[in-house]
Amino acid sequence: MKDSIINKSETIKKFIEIIDNMYRLGWDEKNGGNISVLMDEEEVKRVFGKAKTKRTIPLPLIANENIRGLVFVITGTTKYFRNVKNDPKTNIGVMRISQDGTKAEVIWGFENNGTFTSEIYAHLLCHSTRLKIDPNHHVVMHTHPLYILALTHVHELDEKSLTVDLWRTMTESVIVYPDGVGLIPWQVCGTQKIGEETAEKMKKTRCVIWPLHGIYGCENNLDDAFGLIETIEKSAQIFLLTHNHLEIINDITDQGIKDVAKRFNVTPVKGYLK
Ligand code: 13P
Ligand code: ZN
């Protein structure tokens, strides 16, 4: 990559690499999926200097106080993950949330008049919620993984039973998502309502499934957000490979899940296991 900004920024380099991986896994058809990552202020200073604003874009919501002034690298709306690697400046951008919370100040990228993802509500609201819980939070990742999506067509949409069915598929699932998977009802995407409901769920978990659509994951870095979603995706794949076809004769018991959680010092959601 020739762009000197990208070469200086570990965050943007990793962002591009992860997006390319997600596309190759078949999670992000067409413009499906969107990601935003909070950039630490030292990196912003080192990479962009005084970070001059190229233009401002009005936000469709007033950003919560705790994310005002923060800088995010974020995917553009209608842009294909497939194209990010070859043309990052057009397909992604770096923007600061204005001090009054009403605008995005574009510092880099979003060339040819591009703008941030249509899921800006969910991204900004989830960042705000997770930063209150965990000051090391950085990433909101939304994608359309095949098996998670397929599972929501055939599994009852109940957080508890879905979480336990996914935990049962692989011994180490409970270690990766002891807080379980959140679920919201199917609804139109790209709205403030879906953003608010997702962020509300993020108070108790780091991943929220949107039935018949995809998943949101929140984590401290891009590797962990990707790892969280790929683990849930693999659990969903195993569930679909093993149910409705053959009789289950071996399964991880509730006690087994509890024992693994104990060994690795994690606490599964209370009340989910017998
Ligand atoms: P954007 O292209 O606006 O990011 O939308 C893609 C998507 O997955 C909506 O949920
Ligand atoms: Zn989507």
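The paragraphs below set out a description of the structure included in this document.

Thresholds applied
Residues numbered from 1 in each chain as written. Chains lettered and ligands numbered in written order. Predicted model: local features only at pLDDT ≥ 70, side-chain atom pairs only at ≥ 80, totals over all residues. Heavy atoms only, no water. Helix = DSSP H or I, 4+ residues; strand = E, 2+ residues; numbered from the N terminus. Rg over C-alpha atoms; globule rule 2.2 N^0.38 Å. Buried < 20%, exposed > 50% of the residue type's maximum accessible area, 1.4 Å probe, protein only. Axes fitted to C-alpha atoms, helices over the stretch in contact; angles between N-to-C directions. Parallel < 35°, antiparallel > 145°, perpendicular 65-115°, else oblique. Left-handed = near helix turned anticlockwise from the far one by under 90°. Contact = heavy atoms within 4.5 Å. Nonpolar A, V, L, I, M, F, W, Y, C, P; charged D, E, K, R; others polar. Core = buried A, V, L, I, M, F, W, Y, C linked by side-chain atoms within 4.5 Å. Salt bridge = Lys/Arg side-chain N within 4 Å of Asp/Glu carboxyl O. Expected span 1.5 Å × (residues − 1).

## Let's talk about the overall build of the protein chain
For step 1, the next point in the chain: The secondary structure content of the protein chain amounts to twelve helices and nine strands.
For step 2, the next point in the chain: At 19 Å, the protein chain has a C-alpha radius of gyration in line with the 19 Å of a compact globule built from 274 residues.
For step 3, the next point in the chain: Structurally, the protein chain occupies a C-alpha span of about 60 × 35 × 35 Å along its principal axes.
For step 4, the next point in the chain: Buried residues in the protein chain amount to 53% of all 274 residues.

## Quick look at the packing of helix α6 (residues 120-133) against helix α10 (residues 192-201)
For step 1, the next point in the chain: Packing of α6 against α10 brings their axes to within 8 Å, and their N-to-C directions diverge by 25°. Classified by the interaxial angle, the pair formed by α6 and α10 is roughly parallel. Every pair of crossing elements has a handedness; the one defined by α6 and α10 is right-handed. In this structure, α6 uses Y121, A122, L125, C126 and T129 to contact α10, whose residues at the interface are Q192, G195, E196, T198 and A199.
For step 2, the next point in the chain: Residues of the contact of α6 with α10, tallied by class, amount to five nonpolar, four polar and one charged.

## What about the nonpolar core?
For step 1, the next point in the chain: Ranked by size, the top nonpolar core spans 52 residues in total, and within it I12, I35, F48, V94, M141 and I232 carry the most contacts.
For step 2, the next point in the chain: By residue number, the principal contributor to this core is helix α11 (residues 222-242), which donates nine residues.
For step 3, the next point in the chain: The contact partners of M141, leaving out residues within four places of it in the chain, are I18, M22, N34, I35, I215, Y216, G217, L222, A225, F226 and I229.
For step 4, the next point in the chain: The next biggest cluster of nonpolar side chains, apart from the first, holds 30 residues, and it includes L38, L61, Y121 and W210.

## Topic: the pattern of salt bridges
Where charged atoms of side chains with opposite charge meet at close range, the side chains can pair.
For step 1, the next point in the chain: Evaluation of the coordinates by the stated rule reveals 14 salt bridges.
For step 2, the next point in the chain: Notably, a salt bridge pairs K85 with D20, separated by 3.6 Å at the nearest N-O pair. In this pair, K85 sits in the loop between α4 (81-84) and α5 (88-91) while D20 sits in helix α2 (residues 10-24), placing the two residues 65 residues apart along the sequence.
For step 3, the next point in the chain: We classify D20 as buried; its relative accessible area is 10%.
For step 4, the next point in the chain: One salt-bridge network, in which partners are shared between bridges, spans K14, E17 and D223.

## Regarding α6
For step 1, the next point in the chain: Compared with the 20 Å implied by 1.5 Å per residue over 14 residues, the 20 Å span of α6 between its first and last C-alpha is a close match.
For step 2, the next point in the chain: Summarising burial for α6: twelve of the 14 residues are buried, a large majority.
For step 3, the next point in the chain: Among the residues making up α6, those that are buried are I120, Y121, A122, H123, L124, L125, C126, H127, S128, T129, R130 and L131.

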